[in-house]
Amino acid sequence: MKILYMDWDHIGKKDLLDCMEGLGYNTVLFSLQEEARRLQINDEWIQNIKKAIEEDNTEKIFSIGYFPTVSEAAKEKGCQYISWIYDSLDLNVYAENITNDNNRICIFDYALFEELSGQDIHTVYHVPFAVNTERCGRIKLTEDEQKKYGAQVSYVDCFNGKNGSSIGKIPHFGQLMFELGEKDEYTEGYLEGLLEAQMQLYGCDILTENITEELYQKIIAAKPLEKDRYGKYMPEKKAYIDDIFCRYMASAEQERLLKASAEYFETFLYTDDSKIPAGNCVNKGKLDLDEELPKVIRASKVNLSITNRSSRTGIPYLAMQIMGAGGFLLTSYQNEFFNFFEPDVDFSYFSNKDEMIDKIQFFCTNETERAQIAGNALKRIEKGHTLRQRLEGIFG
Amino acid sequence: MKLMLIDWSCFGREDIRDAFSSLGYTVIRYPVGSQENHGNIHKEQVEKLTKEISRQNISLVFSVNYFPSVSESCNQKGIPYISWVYDNPQIQMYFINIINECNFIFTFNYFTYRTLRGKGVKTIYYIPMAVNAKRLQALRLSEADKEEYGSELSFVGAFYHEKTAYYQKVREGLLQSGKNRTAGYLEALCLTQLNTYGALFLKDCLKDDTIRDILEFFPYEALESQHFIDVSSVCASYVLARRVTKLERMKLLTSLSEFFAVKVFTYDTGIQPGKCRMHERTEPYDETPKIFKASKINLNISLRSIETGIPLRAFEIMGAGGFLITNYQEDFMRHFEPGEDFVFYESEGDLIEKCKYYLKHDTEREKIARSGLRRVMSNHTYEIRIAAMIRIAGMGD
């Protein structure tokens, strides 16, 4: 199979290319520059991509993330365009042309899949993340590396701010609250209360219902929706909730939980921005996700996964990698885990900060249980969630 | 054996006294004033009580709710003190001397039991409330009674409208002093909690600066060093949860009154939820049970600060042979079968549907009421409770 692989700086690339090679796919890389990755369709790049399709005799185009420009080019050449959404907030997935017949859009979050397919959009599919267990299994951990990466608790910010989640990078939220604070402190406090309540709850969205029309109007007045930032299928209110409030909550929550963990346990954070403060948490800075992530996972006692609320049900990328690398996973509650894995058998979860601390405490001191769970998870991943299986499904 | 009963105007005092008597105890009453004055250890009270315990040769002391001074006396005399806590929260129950070895403190809220045990308090136990169903069954209903107390739906309860409207006082204080942000924050917590079933988050949303603002206008003596309760729990319960409960009761009853004939019995004046027919507060011992007998459906909408416990009201309803529809409270599942002994609702819509259904299906409704009555008569009497408490206190045979 001849695949034109849209190359840009996304995570998991090595795993995908390695797996595609293993499956015998003939993959040609195409450097997809920033202008081609925007919501707005770029005619020049349509031509560039079409030329590449002709030259390589491409059968299918593949990208991580959805790009309207790529879809147009593929459509004009009669090629199937397979995109796999990795970001918990990929704004492009709401673009008008997701309905192009040649699209096959794979979404890891069931809620989003349901939201779009419920609008009679037939080009979307629910595809959870998977792990390249073969490549992962080949990576070995030396004694020195065990010392280097072996914290009691580790947390890896995989998307490093390129995604909907990053500690501290929330300019839109800051702007909105500043505007509100200037004119209407009551509403500012009200919104803070609402967000704080949401942060106490997992597995449900209380924002949509509780942001009344009256409150919504005040929010819009303080910070109007950015023109041209959102696609046709993104409801206005959801744009605020996902793009502004969920980002804020992801940042606040990561900070809060990491600070709490670091109060009692040796906690390592891996993120591009080494200046991020999180209490006593040790910020180890940048991590080579391809080579080092599996090592961190295996060396650490507890591997944390904290869901970004803009993905309402989906199992996060990091969580799958943790299980697939043979690590012990402790995650914030998220619905889809329960569809594919068994709690307390394949993974552990928490619904609030205190529960997280209790469970870290327990699993740090109970090595047997920890190893048992990690072992079960790996078996389950190898059985039904390998990248090979997933790609076969997507390309089949 | 002689039991000293700390006597105040609490609900159930006669039933409790009777239960002890039936178990062979001589009951000596020790009257105390309003329990509000007993939130601390008062030396003179302790001395007086200790003397009386000696004089009367008391082997066991019992009170409804917890009195720190009583505990001190019992501890000094080395005799057991059984405290059956009806209120939730009862601030005095979190006093530091609850760990006195003489104590056997019983709470009807499993969450409270678990929380205090989690803090290392070994003197706390879980025991649900009770009802004297036999006495209630004996109450006769005249035609006039049916007319006055009966309805398709009845609700008995408070609306925290006047004397305990702490939220209003706090809110007014905040707005007047320009603390609008906190005022908005608290309102958001209340309205959001109102719309959210199955999880309580009021306490966890109160951060230090918010609490500081609340305490400026809420008269709580923060004896934090002496209490097992933290001030955020106090604020969440007394200030916020009451308001949420008020809003919830108003909302649900107003909604229900659109479809059904609803009677509301309450001491709060100036309350008018929709088309409900308002009735003043009834005398709890002999009058209130008539409501439960005469009405087709009896509603329980629990105070939101009770995390899991079955409210006394629910027992009273079932003990009177009434049909109970209640909000979901986890502890029900420990003792009763949903759909068989009682019914619970999960949302406003669900409540309306269930009321519609059970008003149409008399036989089924009556069957459930009978089953609930049977259950409380066999498992939830005062004798059973008192006997259990005595046994746990090491006084049983």
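Cut-offs applied
Residues numbered from 1 in each chain as written. Chains lettered and ligands numbered in written order. Predicted model: local features only at pLDDT ≥ 70, side-chain atom pairs only at ≥ 80, totals over all residues. Heavy atoms only, no water. Contact = heavy atoms within 4.5 Å. Buried area = accessible area lost by both parts, 1.4 Å probe. Salt bridge = Lys/Arg side-chain N within 4 Å of Asp/Glu carboxyl O. Helix = DSSP H or I, 4+ residues; strand = E, 2+ residues; numbered from the N terminus. Nonpolar A, V, L, I, M, F, W, Y, C, P; charged D, E, K, R; others polar. Domains from an automatic or database assignment. Buried < 20%, exposed > 50% of the residue type's maximum accessible area, 1.4 Å probe, protein only. Axes fitted to C-alpha atoms, helices over the stretch in contact; angles between N-to-C directions. Parallel < 35°, antiparallel > 145°, perpendicular 65-115°, else oblique. Expected span 1.5 Å × (residues − 1). Polar contact = N/O pair within 3.5 Å; in protein donor to acceptor, adjacent residues only side chain to side chain. Phe/Tyr/Trp six-rings, centres within 6.5 Å; stacked < 30°, edge-to-face > 60°. Lys NZ or Arg CZ within 6 Å of the ring centre and 35° of its normal. Disulfide = S-S within 2.5 Å. Lys, Arg positive; Asp, Glu negative; His and termini not counted. Pairing = 2+ DSSP bridges.

Enquirer: Now, about the interface of chain A and chain B: what can you tell me, with residues and values included?
Expert: Chain A puts 16 residues into the contact, and the matching count from chain B is 20 residues. Together chain A and chain B conceal approximately 1,500 Å² of surface at their shared face, both sides included; 62% is due to carbon and sulfur atoms. Broken down residue by residue, the surface that chain A buries against chain B is led by Y186, Y190 and Q200 of chain A, which jointly contribute 35%. Connecting chain A to chain B are three salt bridges. Note that E196 of chain A and K207 of chain B form a salt bridge whose closest N and O atoms lie 3.3 Å from each other. Elements with a minimum of two residues in the side of chain A that touches chain B: α8 (185–199) and α9 (207–210) of chain A. A total of 10 residues in the side of chain A that touches chain B trace back to one element, the largest contributor, which is α8 of chain A. For the side of chain A that touches chain B, the residue count by class is six nonpolar, four polar and six charged.

Enquirer: I'd like a rundown of the domain arrangement of chain A, residues and numbers included.
Expert: How big an interface is tends to be expressed through the accessible area that disappears when the partners come together. All names here are of chain A. By domain assignment, chain A separates into domain 1 (2–127), domain 2 (133–167 + 250–385) and domain 3 (171–248). Look at where the C-alpha atoms of domain 2 and domain 3 centre, and you get two points 29 Å apart. Listed as interface residues are 18 residues of domain 2 and, on the opposing side, 14 residues of domain 3. Taken together, the two surfaces of domain 2 and domain 3 that pack against each other cover about 1,400 Å², and 45% of this comes from carbon and sulfur. It is R256, R309 and R312 that lose the most area in domain 2 upon contact with domain 3, and together they represent 42% of the buried surface on that side. Scanning the region where domain 2 abuts domain 3 turns up three salt bridges.

Enquirer: Before we move on, could you go through the environment of V64 of chain B and cite the residues and values that matter?
Expert: Residue and element names in this part refer to chain B. Here V64 lies in strand β3 (residues 60–64). We classify V64 as buried; its relative accessible area is 3%. Residues V64 and I6, 58 residues apart in the sequence, show an inter-C-alpha distance of 7.6 Å.

Enquirer: Kindly report on unusual backbone geometry, identifying the contributing residues and their values.
Expert: Working note: non-glycine residues mostly have negative phi, and peptide bonds are mostly trans. All names here are of chain A. The phi dihedral of N57 falls on the positive side, at around 55°, and the residue is not glycine. Tracing the backbone shows N57 in the loop between α2 (43–56) and β3 (60–64). Located in the positive-phi region is D344, a residue other than glycine, with phi close to 65°. With respect to the helices and strands, D344 occurs in the loop between α14 (337–340) and β12 (348–350).

Enquirer: Lay out the packing of helix α8 (residues 180–195) of chain B against helix α9 (residues 208–215) of chain B in plain terms, naming residues and giving numbers.
Expert: Residues and elements named next belong to chain B. At a minimum axis distance of 10 Å, the contact between α8 and α9 shows a crossing angle of 100°. When the interaxial angle is binned, α8 and α9 end up roughly perpendicular. Contact with α8, carried on its side by T182, Y185 and L186, involves T210, D213 and I214 of α9 and no other residues of that element.

Enquirer: How would you explain helix α15 (residues 353–365) of chain A if you had to name every residue and give the values?
Expert: All names here are of chain A. Between its first and last C-alpha, α15 extends 19 Å over 13 residues, near the 18 Å set by a 1.5 Å rise per residue. When α15 is considered as a whole, its buried residues turn out to be M356, I357, K359, I360, F363 and C364. Tucked into the core, α15 has its buried residues touching β7 (153–156), α11 (236–264), β10 (302–305), β11 (329–332), β12 and α16 (367–384). Capping the start of α15 is the job of one residue whose side-chain oxygen sits 3.0 Å from the backbone nitrogen of D354: N352.

Enquirer: Could you give me a rundown of the packing of aromatic side chains, with the residues and numbers involved?
Expert: Throughout the structure, instances matching the rule amount to 50 aromatic pairs over all chains. With a centroid separation of 5.4 Å and 80° between ring planes, the pair formed by W84 of chain A and Y86 of chain A is classed as edge-to-face. You'll find W84 of chain A and Y86 of chain A in the same group, each marked buried. Judged by centre distance (5.0 Å) and plane angle (85°), the ring pair of Y357 of chain B and Y358 of chain B falls under edge-to-face. Given a relative accessible area of 9%, Y358 of chain B falls into the buried group. Taken together through their ring pairs, the aromatic side chains of F315, Y328, F332, F336, F342 and F344 of chain B make up a single cluster. Over the aromatic face of Y125 of chain A sits the side chain of R104 of chain A, whose NZ or CZ is 5.1 Å from the ring centroid. When the ring centre of F344 of chain B is taken as origin, the NZ or CZ atom of K354 of chain B, which lies over that ring, is 5.7 Å away.

Enquirer: Before we move on, can you summarise the state of the cysteines with the specific residues and values?
Expert: Residues and elements named next belong to chain A. Under the defined criterion, the tally for this structure stands at zero disulfides over all chains. The thiol of C79 is not disulfide-bonded; the next cysteine sulfur, from C106, is found 16 Å away. On the basis of relative accessible area, C79 is assigned to the buried category, the value being 4%. Take C136: it sits in no disulfide, and the sulfur closest to it among the cysteines is that of C19, at 12 Å.

Enquirer: Can you tell me about the side chain of K60 of chain A, naming the residues and giving the values?
Expert: Residue and element names in this part refer to chain A. Along the chain, K60 falls in strand β3. The buried charged residue K60 lacks any salt bridge partner; its closest oppositely charged side chain belongs to E59, at an N-O distance of 6.7 Å. Every residue in contact with K60, bar those within four places of it in the chain, is listed here: M1, K2, I3, L4, Q80, I82 and F395.

Enquirer: Got a sec to walk through the pairing of strand β8 (residues 267–270) of chain A? Specific residues and values, please.
Expert: Residue and element names in this part refer to chain A. Alternating positions in β8 separate into two faces, T267 and L269 on one and F268 and Y270 on the other, with burial throughout. Pairing between β7 and β8: four bridges, direction parallel. Note that in β8 the partner of V156 across the bridge is Y270. When β8 meets strand β9 (residues 282–285), the two strands line up parallel, connected through three bridges. Within β9, the position partnered with F268 by the bridge is V282.

Enquirer: Describe the sheet that holds β8 of chain A, and please don't skip the residues or the numbers.
Expert: All names here are of chain A. Sheet architecture is open: six strands sit in the order β9-β8-β7-β10-β11-β12, paired in parallel fashion. On the outer flanks of this sheet lie β9 and β12, each paired with one strand and no other. Pairwise comparison of adjacent strand axes, ignoring direction, gives a mean angle of 25° for this sheet. Packed onto the sheet, α11 meets β7, β8, β10 and β12 and runs at close to 150° relative to β8. The strands that helix α13 (residues 317–324) touches are β7, β10 and β11; relative to β10, the one it contacts most, it runs at about 160°.

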